[in-house]
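Letter by letter, the chains look like this.
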Amino acid sequence: MGMTESIRQNIKRKTSKINEVKIRNGFPLFSFVELNVNELCNRTCIFCPRHDTKLYPNRDLHMEIDLAKELALQLEEINFNGIVNISGTGEATLTKYLPSIVAEFGNRDIHIELVTNGDKLKPNLIKNLFKSGLKQFVVSMYDGPDQIKFFKDLFKECGIANKYFTLRDRWYEEEEGYGLLYTNRAGIMGNQIKSPHNRPCFYPHYATYVDYNGDVLLCCQDMYNRTKVFGNILEKKLIDIWLDKKLDDFRSKLIKGKRVLSPCDKCTANGMIFGESHSKLW
């Protein structure tokens, strides 16, 4: 079915902020930080590694507030003006201290968003997250069109204006790509999707991924396998990890369309939706 209208609108909403390039130490700074705050989910969607609990089981692991604070301080230090996106491998609303984690960024006027399946969203949680500084709720709806009215009514009840939430339809079947930009998650989902080995990927040119324990991974596609870990923000500053030569090796190959390093050699992600302006400067 190609790209749904909700995907197009969400991409359009984020494009200007993500594609704005800021130079730091002579190099393009990341403009998108994806944050994994836990290892729990209440669903087992067929397009996610969690559909097989033996392959990827739930684990009671959560990001600590102090780690979120450290990351927020590091971002504040470099005057980060991009997007922090709470998404990752789990359902964020199941994590401990979620409003407090959000507040570490919100209190520093860092744009922070939350991606959720919406199952656990209640008025008190929505209001607390908004008060903590959350800038955008992004709800992935998996059960059907009737959810649209439900969530619109829920946010209206909480006094949240339409511009502060995004509803994404995700109730489609396999032949329709499940209503998302379906990938094999850097190989962990198998080889059922043909891999574009000779296509550039801009992920490591504009985005960084911070795990619940502070590890910095290659990108959101490798967040289940965790094939590459480039450092930990508790031991080395994120900006220094960003400029590390090991990470730059991936950039130099991916900009030429060479998906030859693991896990890129198994990955089917497009990788070219955002970040072209960053890649040119790299």
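Note that the coordinates shown come from a computational prediction; the quantities given were computed from them, not determined experimentally.

## Here's the deal with helix α4 (residues 123-131)
And then number 1: Those residues of α4 that fall on the buried side of the exposure criterion are Leu125, Ile126 and Leu129. With its buried residues spanning 100° around the axis, α4 presents them on a single face. Turned more than 90 degrees away from the buried face of α4, the exposed residues are Asn124 and Lys131.
And then number 2: Buried positions along α4 lie against α3 (98-106), β7 (112-116), β8 (136-141) and α5 (146-157).

## A look at the packing of aromatic side chains
And then number 1: Within this structure, the stated rule accounts for 12 aromatic pairs.
And then number 2: On the basis of an interplanar angle of 65° and a centroid distance of 5.2 Å, the ring pair of Phe130 and Tyr164 is categorised as edge-to-face. Of this pair, Phe130 sits in helix α4 while Tyr164 sits in the loop between α5 and β9 (165-169), and the two are 34 residues apart along the sequence.
And then number 3: Judged by its relative accessible area of 30%, Phe130 falls in the partly exposed class.
And then number 4: Look at Tyr203 and Tyr206: their rings are 6.2 Å apart centre to centre, the planes differ by 20°, and that puts the pair in the stacked class. One end of the pair, Tyr203, and the other, Tyr206, are both in helix α6 (residues 203-206), three residues apart, so they sit about a helical turn from each other. Here the two residues Tyr203 and Tyr206 agree in accessibility, since each one is buried.
And then number 5: Among the aromatic residues, ring-to-ring pairing joins Phe27, Phe30, Phe80, Trp242 and Trp282 into one connected group.
And then number 6: Against the face of Trp242 rests Arg251, its NZ or CZ located 4.3 Å from the ring centre.
And then number 7: Sitting above the plane of the Trp282 ring, Arg251 keeps its charged end 3.9 Å from the centroid.

## Details of the sheet that holds strand β12 (residues 229-232)
And then number 1: What the eight strands build is an open sheet, ordered β9-β8-β7-β6-β3-β10-β11-β12; its pairing is mixed. Of all the strands in the sheet, the pair left with one neighbour each is β9 and β12. Each neighbouring strand pair of the sheet contributes to a mean axis angle of 25°, computed without reference to strand direction.
And then number 2: Across four bridges, strand β3 (residues 32-35) lies against strand β6 (residues 83-86) in parallel orientation. When the bridges of β6 are listed, Glu34 appears paired with Asn85.

## A short note on the pattern of salt bridges
And then number 1: Scanning all chains against the criterion turns up 16 salt bridges.
And then number 2: The partner of Glu39 in a salt bridge is Arg50, and the shortest N-O contact between them spans 3.6 Å. Here Arg50 lies in the loop between β4 (38-39) and β5 (59-62) and Glu39 lies in strand β4, a separation of 11 residues in the sequence. No difference in accessibility class separates Glu39 from Arg50, as the two residues are buried.
And then number 3: With a shortest N-O distance of 3.0 Å, Glu104 and Arg108 are connected by a salt bridge.
And then number 4: Residue Glu104 is classed as buried on the basis of its relative accessible area, which comes to 15%.
And then number 5: Each member of the salt-bridge network shares a partner with another, and the members are Glu39, Arg50, Arg59, Asp211 and Arg226.

Basis of the calculations
- Every residue gets a number counted from 1 within its own chain, in the order that chain's sequence is written.
- In keeping with the model being predicted, local features are shown solely for residues with a pLDDT of at least 70 and side-chain atom pairs are shown and tallied solely at 80 or more, while totals for entire chains, interfaces and linings include all residues.
- Hydrogens and water molecules were not included; the side-chain quantities draw on all heavy atoms of the structure.
- For the exposure calls, accessible area comes from a 1.4 Å probe over protein chains only, and a residue counts as buried if that area is under 20% of its type's maximum, exposed if over 50%, partly exposed in between.
- Numbering of helices and strands runs from the N terminus, with a helix taken as a DSSP run of H or I at least four residues long and a strand as a DSSP run of E at least two residues long.
- Here the arc refers to the set of directions running from the helix axis out to each C-beta atom.
- Two residues form a contact once any of their heavy atoms are found within 4.5 Å.
- Within 6.5 Å between ring centres, the rings of Phe, Tyr and Trp (the latter by its six-membered ring) count as paired, and their orientation is classed by plane angle as stacked under 30 degrees, edge-to-face over 60, tilted in between.
- Both a distance and an angle decide whether a charge sits over a ring: NZ of Lys or CZ of Arg must be within 6 Å of the ring centre and within 35 degrees of the ring normal.
- Here, strands pair whenever DSSP counts at least two bridges between them.
- Under this scheme, a helix contributes an axis fitted over its contacting stretch, all axes are lines through C-alpha atoms, and angles between N-to-C directions fall in the 0 to 180 degree range.
- By convention in these notes, a salt bridge is any Lys or Arg side-chain nitrogen within 4 Å of a carboxyl oxygen on Asp or Glu.

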